[in-house]
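# Structure at a glance
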Amino acid sequence: MTDAIEGAVATERPLVRWGVLSAANIGLKAVIPAIQASRNGRLVALASRDLARAERVALAEPGVRAYASYEALLGDPDIDAVYIPLPNALHAEWAIRAAQAGKHVLCEKPLGMTADEVTRMYAAADQAGVVLMEAFMYRFHPQIRWAQEQIAAGRIGAPRVARASFVFDIRRNPENIRLSGPLAGGSLMDVGCYPLSFCRIVFGAPPLALQSVAARVTVPDGSEVERGTYAILDYGAGRIGMFDSSFELPWGQFAEVVGDKGRLLIPRPFTPGRAETVVRIEVGDEVVERHFDAVDHYQLQVEHFGDCVQSGERPYLTQDDATTQAATIEAVYAAAGYRWPLG
Ligand SMILES: NC(=O)c1ccc[n+]([C@@H]2O[C@H](COP(=O)([O-])OP(=O)(O)OC[C@H]3O[C@@H](n4cnc5c(N)ncnc54)[C@H](OP(=O)(O)O)[C@@H]3O)[C@@H](O)[C@H]2O)c1
């Protein structure tokens, strides 16, 4: 994370005018506050299938327009960029429609269900000349950037094993979109995508061959989606990634990289929240703990995206990264014998 993020500075450029498609929890809780706090953007409108929900948001955010349909919001000429926190199965359709309406698009992870979808989303964005980025906010946290720098500098030697996990328990919430087949739920799509992404940034490339992935999923009786994914990925030259995700285990997350000289541990790699975080490096008897102040990585993400809209720079999170991520999700599911996409 170098110049692409740091080099773009606040200027006298007009603020990026944001629209949000849906009153999704993640928007209300994290991304709308991030837009409103950002140095280069402001919320202009929100659309919901339920106008009353949109109006409630508008009431809380003075000056914000409420729309009763996503389509109507896309027709608003005062909107430069949209944030899309829709269920996974709707990302491609609405990102493409937004691009065709001339809006820049920040779309929630996972960007598409398949690499083909992601490719079509970027084709639409390129054709319209707009910016598209997968909203993987964890990549904008300074702890991840620092960990990547330490690994690249050889602090733990050559990385050999990346292990990461993100699990939580959703069983008391059967109506959640994450448990819906038609909406493309599943633990890998929802939380496993983080440790999978982490393994790739450690090794700087996709797995050696997508056919070399080994994986298992658990699909309890009556469940529309997998509720647990466990995978081993071969990055070549003895470099292995291992990750798991679950909807049926007590909340937990970690990421660890073992090199041929030492190890690096990130206890809260993906959703550190508004708390201090720490990255620990152990090399022989030497232990270094680097503490990071609380930071809003959603705001850092929004500001970076706004910088790209204003400057025309390419985003830090690239098309190649999003396409590889989606192709690897497909490979993990294929290795586990899980039909994907569910349709
Ligand atoms: N980056 C992160 O930290 C993070 C965290 C959580 C989730 N996410 C991602 O954000 C997306 C949304 O997650 P969420 O937990 O915020 O979801 P959510 O609260 O369930 O919101 C999804 C919204 O989508 C709209 N929608 C449109 N068609 C729908 C349908 N057929 N069924 C249900 N909802 C429909 C609804 O908004 P209206 O009724 O208002 O139109 C609904 O409120 C997912 O892609 C998820 O992976 C990212």
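Anything mentioned here points back to the structure above.
Rules behind the numbers
Residues numbered from 1 in each chain as written. Predicted model: local features only at pLDDT ≥ 70, side-chain atom pairs only at ≥ 80, totals over all residues. Heavy atoms only, no water. Pairing = 2+ DSSP bridges. Helix = DSSP H or I, 4+ residues; strand = E, 2+ residues; numbered from the N terminus. Axes fitted to C-alpha atoms, helices over the stretch in contact; angles between N-to-C directions. Polar contact = N/O pair within 3.5 Å; in protein donor to acceptor, adjacent residues only side chain to side chain. Contact = heavy atoms within 4.5 Å. Phe/Tyr/Trp six-rings, centres within 6.5 Å; stacked < 30°, edge-to-face > 60°. Buried < 20%, exposed > 50% of the residue type's maximum accessible area, 1.4 Å probe, protein only. Near = heavy atom within 4 Å. Areas by Shrake-Rupley, 256 points an atom, 1.4 Å probe, with all protein chains shown as cover. Salt bridge = Lys/Arg side-chain N within 4 Å of Asp/Glu carboxyl O.

### Focus: the sheet that holds strand 7 (residues 159-169)
Read across the open sheet, the 8 strands follow the order 8-9-10-7-11-12-13-14; overall the sheet is mixed. Only two strands of the sheet have a single partner each, and these edge strands are strand 8 (214-218) and strand 14 (286-292). Taken over all neighbouring pairs, the strand axes of this sheet differ in orientation by 10 degrees on average, direction set aside. Both strand 9 (residues 228-234) and strand 10 (residues 240-246) contribute to a ladder of 7 bridges, which runs antiparallel.

### Topic: the side chain of serine 245
Residue position: serine 245 is located in strand 10. At 2.9 Å, the side chain of serine 245 forms a polar contact with the side chain of serine 187. Setting aside residues up to four positions removed in sequence, serine 245 forms contacts with Phe166, Val167, Ser187, Leu188, Val191, Gly192, Arg227, Gly228, Thr229 and Tyr230.

### Some thoughts on the packing of aromatic side chains
This model, assessed by the stated rule, comprises 16 aromatic pairs. A centroid spacing of 5.3 Å and a plane angle of 90 degrees characterise the contact between tyrosine 70 and tryptophan 94, whose relative ring orientation is edge-to-face. Of the two residues, tyrosine 70 sits in helix 4 (residues 70-74) while tryptophan 94 sits in helix 5 (residues 91-100), which places them 24 residues apart along the sequence. Residues tyrosine 70 and tryptophan 94 agree in their burial class; the two are buried. Measuring from ring centre to ring centre gives 5.5 Å for phenylalanine 168 and phenylalanine 247, while their planes differ by 75 degrees; the resulting arrangement is edge-to-face. Linking phenylalanine 168 in strand 7 with phenylalanine 247 in the loop between strand 10 and strand 11 (248-259), this pair joins segments that are 79 residues apart in sequence.

### Quick look at the site of the ligand
The environment of the ligand is made up of 25 residues, and the closest members are Ser48, Tyr70, Asn88, Arg178 and Tyr298. Measuring from an oxygen atom of the ligand, one finds a side-chain N or O atom of arginine 53 at 3.2 Å. Residue tyrosine 194 places a side-chain N or O atom 3.4 Å away from a nitrogen atom belonging to the ligand. Coverage of the ligand by the protein amounts to 84% of the 900 Å² it exposes when considered alone.

### A few points about the pairing of strand 13 (residues 277-283)
Across 4 bridges, the pairing between strand 12 (residues 262-266) and strand 13 is antiparallel. Along strand 13, the bridge assignment pairs glycine 262 with valine 283. Where strand 13 and strand 14 come together, 7 bridges link them in antiparallel fashion. Bridged to valine 279 within strand 14 is arginine 290. Here strand 13 hands over to strand 14 after 2 residues, with glycine 284 in that stretch at a positive phi of 60 degrees.

### Digging into the pattern of salt bridges
Applying the stated rule across the entire model yields 23 salt bridges. The salt bridge involving aspartate 116 is made with arginine 120; its shortest N-O contact spans 3.4 Å. Here aspartate 116 and its partner arginine 120 are both found in helix 6 (residues 115-128), 4 residues apart, which amounts to about one turn of the helix. One continuous salt-bridge network, built from bridges that share partners, spans Arg163, Glu256, Arg263, Arg280, Glu282 and Glu289.

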